Amino acid sequence: EVGILVNSFRNMMDEINRLIDEVYVNKIALKEYELKALQAQINPHFIYNSLETIRMMSIGSGDRETASAIKLLGKTMHYVLENTGTASTTLDKELDYISSYLAIQKLRFEERFNYTIHVPPELSLSSYKILPLLLQPIVENAILHGLEEKENGGRLTITLHTEEENHLLITIEDNGKGMTGEELQNLKEQMDSSAEPDTSGSIGLCNISRRIRLIYGPPYSMDIASSPDGGTSVYLLLPLLPAD
């Protein structure tokens, strides 16, 4: 009986030690994760704050153009920081971010392209929500792959339509070089596939398409129309969801 008790005691101590080790290891892992998460927050904020310092120095030296560019860049970074990992933002904040992004691109391309954003007067942008960072990859793709080769007369238009009562249609159009039928078909196949895209230009568009299908489900989707030298149009059919 004593031997049985001794063995039981030893087994109990072994189990306690194992649990202590497990908890200790998990605590270390948790601390490392918290540290990495904190570092991930610090680095972008450090860059943002540094940009603000440089902006103030530019203002102090009278370089208003550089100061304006840095302000726009800091504004876009702040929006990305705020919305990384979040489930939604309001339409007005998303469009304000896109406006800042386009203003930065205008500094680079100057008069080679212009842009407009059309919003129905009856649509209260602050009253409805959208997936954050949904539009920027599409706009970026339109500029870099559609309009970059145009020396002048480039045009990018973003239009919001309310479809019936509960649908929102966002159209992003450019008058750039467009795509051939084969290129367009290949892109659509990649958008419908679960495999990784094979070209860097299609990664952003494929990700947007998958996000819409994953979060909203049918019947919501992204569609593309394009023709050589006829520009490209991207259509996002989204639910019109109240911000609250």
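Not measured: the values here are computed from a predicted model.

> I tried to follow the environment of Ala 69 on my own but got confused; where do I start?
Its location among the elements puts Ala 69 in helix H2 (residues 64-83). Ala 69 sits in the partly exposed class, given a relative accessible area of 26%. Placed 36 residues apart in sequence, Ala 69 and Gln 105 show a C-alpha to C-alpha distance of 9.9 Å.

> I keep staring at the sheet that holds strand E8 (residues 241-242) and nothing clicks. Help me out?
Backbone hydrogen bonds hold the strands of a sheet together, and the pairing may be parallel or antiparallel. Read from one edge of the open sheet, three strands run E1-E3-E8, paired in antiparallel fashion. On the outer flanks of this sheet lie strand E1 (89-90) and E8, each paired with one strand and no other. Where strand E3 (residues 128-130) and E8 come together, two bridges link them in antiparallel fashion. Bridge pairing in E8 places Tyr 128 opposite Pro 242.

> In this structure, what is going on with the pattern of salt bridges? I would like to understand it.
When charged atoms on two side chains of opposite charge get close, those side chains can pair. Per the stated rule, a full pass over the model turns up five salt bridges. Taking the shortest distance from any N to any O, the salt bridge between Lys 106 and Glu 111 comes out at 3.7 Å. We classify Lys 106 as buried; its relative accessible area is 17%. Glu 111 sits in the exposed class, given a relative accessible area of 58%. For Glu 148, the salt bridge identified is with Arg 108, shortest N-O distance 2.9 Å. Separated by 40 residues along the polypeptide, Glu 148 in the loop between helix H4 (136-147) and strand E4 (154-163) and Arg 108 in helix H3 (residues 91-109) bring together distant segments of the chain.

Procedures and definitions
- Residues numbered from 1 in each chain as written.
- Predicted model: local features only at pLDDT ≥ 70, side-chain atom pairs only at ≥ 80, totals over all residues.
- Heavy atoms only, no water.
- Helix = DSSP H or I, 4+ residues; strand = E, 2+ residues; numbered from the N terminus.
- Buried < 20%, exposed > 50% of the residue type's maximum accessible area, 1.4 Å probe, protein only.
- Pairing = 2+ DSSP bridges.
- Salt bridge = Lys/Arg side-chain N within 4 Å of Asp/Glu carboxyl O.

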